[in-house]
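Here is how the chains run, residue by residue.
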Amino acid sequence: MTPRAGTSMPRRRLGRTSVEVGILGFGGATIGGIGAQVTEAQAQATLDAAWDAGLRYFDTAPWYGRGVSELRVGRLLREKPPDQFVISSKVGRILRSPANMAAFDGSPWHGGGPFEVQFDYSYDGILRACDDSLQRLGLARIHLAIVHDLDLGYHAPQARWDAMMAQLITGGWRALAELRSAGVIGGIGVGINSRGLIPRFLELFDLDFFLLAGRYTLMEQETLSDELPACVERGVGIVIGAVFGSGLLATGPVPGARYDYREPTPAQIEQVTRIKAICDRYGVPLAAAALQFPLAHPAVASVIPGPVSPAQVQSNVQAVHHPIPGNLWRDLKAAGLVREDAPTPAGETVHTS
């Protein structure tokens, strides 16, 4: 599958796939109700605004709203020409009706579906998860399938993670390869939430790309040391999730801002305050620098923030196109706020005496 992902948003080929994605995509976690409930009308208005603004890459998952995000994204896309968009969803979780509805806990989602989650990275589990997603989306194929949350954050202790990884090694990956060969999916990715896992997956699997959540942002660049260079060497692409660090890099240090879905530490508040001061010096919104910074890396094809309103969609589109002078990146590096070896976007450099 080689869709044309719209013409108003610049596109890049994603890793080893033949799929081209817009440099700015739509992250579907927030319309599933993370943090606060999102009404059906609000979600559809946001998705419609994204389409009207030229966004053509949409990411979702069964976990987002326990099925709600896929239903909402599907309602938009199944009415659109199939060669005009790119959709990614995820595998590794199966949604089931609760055995005890009275004891059901739907957190962390607000207004999510009434389904329990079962992790399953086995051959049958991957096929079941993909089939279920296709039905929720109302689509016969998806362009990108992503192995979701196979990390110690969800599968501690180590013995549990080993068991989940064994499922993927002994059967789940074969299911994904078969789906790719059959054209049901166009590429295989792995979602990464923490450092250290990229080399492990590269050793074990013939994958096309990673969805890297929060580990390469304007505030965090440790993956430049080894993990991102390994991706470049293998031709493996990167999609950047949580590009705003779950909010702090969009709003700056305002009351209630979150970083990595937690209250930011004093050090993180100081860091973003210093970054914002340099952005303000050049009249550049903090969100514009945060969105554009990862896109300078040669492995990165797209950033996928998660708007929850048409206004946020418009703000993201304006931010990704906002002109940023090269001096801003120079000053961030000089202040020790961005690594010296970090690629930065091309921008006009103003020479001062």
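Structure: above.
Calculation notes
- Residues numbered from 1 in each chain as written.
- Predicted model: local features only at pLDDT ≥ 70, side-chain atom pairs only at ≥ 80, totals over all residues.
- Heavy atoms only, no water.
- Pairing = 2+ DSSP bridges.
- Helix = DSSP H or I, 4+ residues; strand = E, 2+ residues; numbered from the N terminus.
- Buried < 20%, exposed > 50% of the residue type's maximum accessible area, 1.4 Å probe, protein only.
- Right-handed = clockwise from strand over helix to strand, strands pointing away.
- Contact = heavy atoms within 4.5 Å.

Chemist: Just to check I follow, could you spell out the sheet that holds strand β9 (residues 185–192) for this structure?
Modeler: Hydrogen bonds along the backbone pair up the strands of a sheet, which may run parallel or antiparallel. Read from one edge to the other, the open sheet built from 8 strands follows the order β3-β4-β5-β8-β9-β10-β11-β12, with strand pairing classed as parallel. Each edge of the sheet is formed by a strand with only one pairing partner; in this case those strands are β3 (26–27) and β12 (300–303). Note that strand β8 (residues 142–147) and β9 share 5 bridges and pair parallel. In the strand pairing of β9, Ala145 is matched with Ile188.

Chemist: Just checking my understanding: could you explain the pairing of strand β11 (residues 237–241) for this structure?
Modeler: Regular strands show a simple pattern: their side chains alternate between the two faces of the sheet. Most of β11 is tucked away, with 5 of its 5 residues classed as buried. Of the two faces of β11, both are covered, the one formed by Gly237, Val239 and Gly241 as well as the one formed by Ile238 and Ile240. Sheet topology note: the strand β10 (residues 209–213)/β11 ladder contains 5 bridges and is parallel. From the neighbouring strand, Phe209 faces β11, where its bridge partner is Gly237. With helix α7 (residues 227–234) bridging β10 and the parallel β11, this β-α-β connection has right-handed handedness.

Chemist: Would you mind going over helix α2 (residues 68–77) with me for this structure?
Modeler: Along α2, 8 of the 10 residues are buried, which leaves the element largely enclosed by surrounding structure. Buried within α2 are the following residues: Val68, Ser69, Glu70, Arg72, Val73, Gly74, Leu76 and Leu77. Packing partners of the buried residues in α2 comprise α1 (40–52), β4 (57–59), β5 (86–91) and α3 (123–137).

Chemist: For this particular structure, what's the right way to read unusual backbone geometry?
Modeler: With the exception of glycine, most residues fall at negative phi, and the peptide bonds are largely trans. For the bond from Ser107 to Pro108, the omega torsion is 5°, close enough to zero to count as cis. With respect to the helices and strands, Pro108 occurs in the loop between β6 (93–96) and β7 (116–119). Cis geometry marks the peptide bond from Ala156 to Pro157; its omega dihedral reads 0°. Along the chain, Pro157 turns up in the loop between α4 (152–155) and α5 (158–181). Positive phi outside glycine occurs at Ala242, with the angle close to 50°. Its location among the elements puts Ala242 in the loop between β11 and α8 (248–251). A residue is classified by how much of its surface remains accessible, and Ala242, at 23% relative accessible area, is partly exposed. Positive phi, close to 55°, is recorded for Asp260, a residue that is not glycine. Within the element layout of this structure, Asp260 appears in the loop between α8 and α9 (266–281). Assessed through its relative accessible area of 28%, Asp260 is described here as partly exposed.

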